[in-house]
Amino acid sequence: MAKEVTIIAGPHGLDFAKTLAEKLQAPLIRAESKVFPDGETYVRLPSRVETAVAVVVATMYPGQNDAIVEAMLLAEASRGAGAKAVILVAPYMAYTRQDRRFLDGEPISIRAVLKALHAAGVDGFITVDIHKEASLADFPGPSLNVDPSPAIAEYLKSIGYTGDDVVIIGPDKGALGRAERVASKLGTSHDYLEKFRDRVTGEVTYRPKTVEVKGKRVVLVDDIISTGGTIAKAARMLYEQGAKEVVAVCTHGLFVSNALEKLSSAKVKRVAASDTIPRLPEGVDKYSVVGLVADSIDYMVKRVL
Ligand code: R5P
């Protein structure tokens, strides 16, 4: 089935698209692209789409806004070039953290973006480890959130993070499910950090809800490392509670500003991120989720045709 798709990518998805095409043994059309003098994006497919389904790949960092426009234009171009249906693979999806109106007058940004992509011709939507799975309901067609935990577990095995002295911890309650899925593949314990306030001093600490971290090797797992603030704070708390070593694994490594320095000064021993973001800073381990995305293509093809 997967051989009936053509993979299409412009600059924002090319690295991921090449590996995806290899895994699926599918043809790859590399879009020509340029930026007009006034800043507008131009793309062109240099050949027809000879399969029923086009799989447009666009990862949305860096250059989120340009990547969204590129994905829309590639979806529209794919239809014009012969595709009957278009699947968008956005390995990292932008705007997912503005998933509600925190203040009056704000947009639900992820809703606006998903609807715009659908209107431009995207029939089916695949992403990896979206910030909140509920956001997929904002896409008006079939959608799929690829779970990265098998790839995270493989990575942790490869660096020797297995055994009774390993604990997988989500830095907040929202990260608990991911920690649990990774831990179940490794046979380790898991937990999340809960906020505790000392009723006398008012001091706030974050500590695992139930699991003891004293003398343990702790893996913090989260969907995104952006500024590094969340992981750095969590690592400090865990060391204060006696953790022997703390490492961090995220799905999407944005590493903005001085994130890595923050992590290193919080004594995070090792940092890893997946290939949903094409270029990671030096010193960050990279593991791949392309195989997991490839496995999801057939499912989506059946839903869009
Ligand atoms: C928050 O809900 C997310 O799951 C991440 O924990 C957060 O986006 C990480 O951001 P930063 O690295 O800037 O603390």
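Everything in this summary refers to the structure shown in the same document. (Residues numbered from 1 in each chain as written. Predicted model: local features only at pLDDT ≥ 70, side-chain atom pairs only at ≥ 80, totals over all residues. Heavy atoms only, no water.)

**Observations concerning the packing of aromatic side chains**
Given two aromatic rings, their pairing is described by the distance between the two centres and the angle made by the two planes.
Thought 1: Scanning the model with the defined rule gives 4 aromatic pairs in all.
Thought 2: Above the plane of the ring of Y299 lies R303, whose end atom (NZ or CZ) is 3.7 Å from the centre. (Phe/Tyr/Trp six-rings, centres within 6.5 Å; stacked < 30°, edge-to-face > 60°. Lys NZ or Arg CZ within 6 Å of the ring centre and 35° of its normal.)

**Here we look at the side chain of D191**
Thought 1: Within the secondary structure, D191 is located in strand β10 (residues 189–197).
Thought 2: Buried and without a salt bridge, D191 has K209 as its closest oppositely charged side chain, separated by 7.2 Å.
Thought 3: Non-local contacts of D191, meaning those with residues more than four positions away in its chain, are made with I168, I169, G170, L176, A179, P208, K209, T210 and V211. (Helix = DSSP H or I, 4+ residues; strand = E, 2+ residues; numbered from the N terminus. Buried < 20%, exposed > 50% of the residue type's maximum accessible area, 1.4 Å probe, protein only. Lys, Arg positive; Asp, Glu negative; His and termini not counted. Salt bridge = Lys/Arg side-chain N within 4 Å of Asp/Glu carboxyl O. Contact = heavy atoms within 4.5 Å.)

**Details of the sheet that holds strand β13 (residues 245–253)**
Thought 1: Strands sit in the order β11-β10-β9-β12-β13-β14-β15 across an open sheet of 7 strands; the sheet is mixed. The two strands at the open ends of the sheet, each matched to only one other strand, are β11 (204–208) and β15 (285–287). Here the strands of the sheet are splayed against their neighbours by 30° on average, with no regard to which way each runs.
Thought 2: Here 5 bridges tie β10 to β11, and the two strands are oriented antiparallel to one another. Each residue of the ladder has a partner; that of E194, found in β11, is R207.
Thought 3: Docked against the sheet, helix α5 (residues 176–186) engages β9 (166–170), β10, β12 (217–225) and β13, running at close to 150° with respect to β10. (Pairing = 2+ DSSP bridges. Axes fitted to C-alpha atoms, helices over the stretch in contact; angles between N-to-C directions.)

**Quick word on empty space enclosed by the protein**
Thought 1: Under the counting rule described, the total for this entry stands at 1 cavity of 30 Å³ or more.
Thought 2: Here the largest cavity defines a volume of roughly 30 Å³.
Thought 3: Around the largest cavity sit Y92, M93, T96, T127, V128, D129, I130, H131 and H252, which together line it.
Thought 4: Residue composition of the lining of the largest cavity, grouped by class: 4 nonpolar, 4 polar and 1 charged. (1 Å grid on protein atoms, 1.4 Å probe; cavity = no way out; pocket = protein on both sides within 12 Å on 5 of 7 lines; lining within 4 Å. Points joined across faces, edges and corners; volume = space filled by probe spheres on them. Nonpolar A, V, L, I, M, F, W, Y, C, P; charged D, E, K, R; others polar.)

**What about the nonpolar core?**
Within soluble globular proteins, side chains that are nonpolar tend to cluster in buried spots.
Thought 1: With 64 residues, the main nonpolar core has M60, L88, M93, L238 and F255 as its most contacted residues.
Thought 2: Sorting elements by how many residues they give to this core places helix α6 (residues 229–240) first, with 6 residues.
Thought 3: Residue contacts for M93: discarding those within four places in its chain leaves M60, I110, V113, L114, L117, F125 and T127.
Thought 4: A17, V146, A151 and Y155 belong to the second largest nonpolar core, which has 46 residues in total. (Core = buried A, V, L, I, M, F, W, Y, C linked by side-chain atoms within 4.5 Å.)

**Looking at the site of the ligand**
Thought 1: In the region of the ligand, the neighbouring residues are R97, H131, D222, D223, I224, I225, S226, T227, G228, G229 and T230.
Thought 2: At a separation of 2.6 Å, an oxygen atom of the ligand approaches a polar side-chain atom of D223.
Thought 3: A distance of 2.5 Å is found between an oxygen atom of the ligand and a side-chain nitrogen or oxygen belonging to T230.
Thought 4: Computed on the free molecule, the ligand has an accessible area of 380 Å², of which 81% lies beneath the protein chains in the complex.
Thought 5: For the ligand, the cavity whose grid points lie within 2 Å of the majority of its atoms is the largest pocket.
Thought 6: Put simply, the parts of the chain that give the shell around the ligand at least two residues each are β12 and α6.
Thought 7: Looking at the shell around the ligand, its residues break down into 2 nonpolar, 6 polar and 3 charged. (Near = heavy atom within 4 Å. Polar contact = N/O pair within 3.5 Å; in protein donor to acceptor, adjacent residues only side chain to side chain. Areas by Shrake-Rupley, 256 points an atom, 1.4 Å probe, with all protein chains shown as cover. Sits in = over half its atoms within 2 Å of the grid points.)

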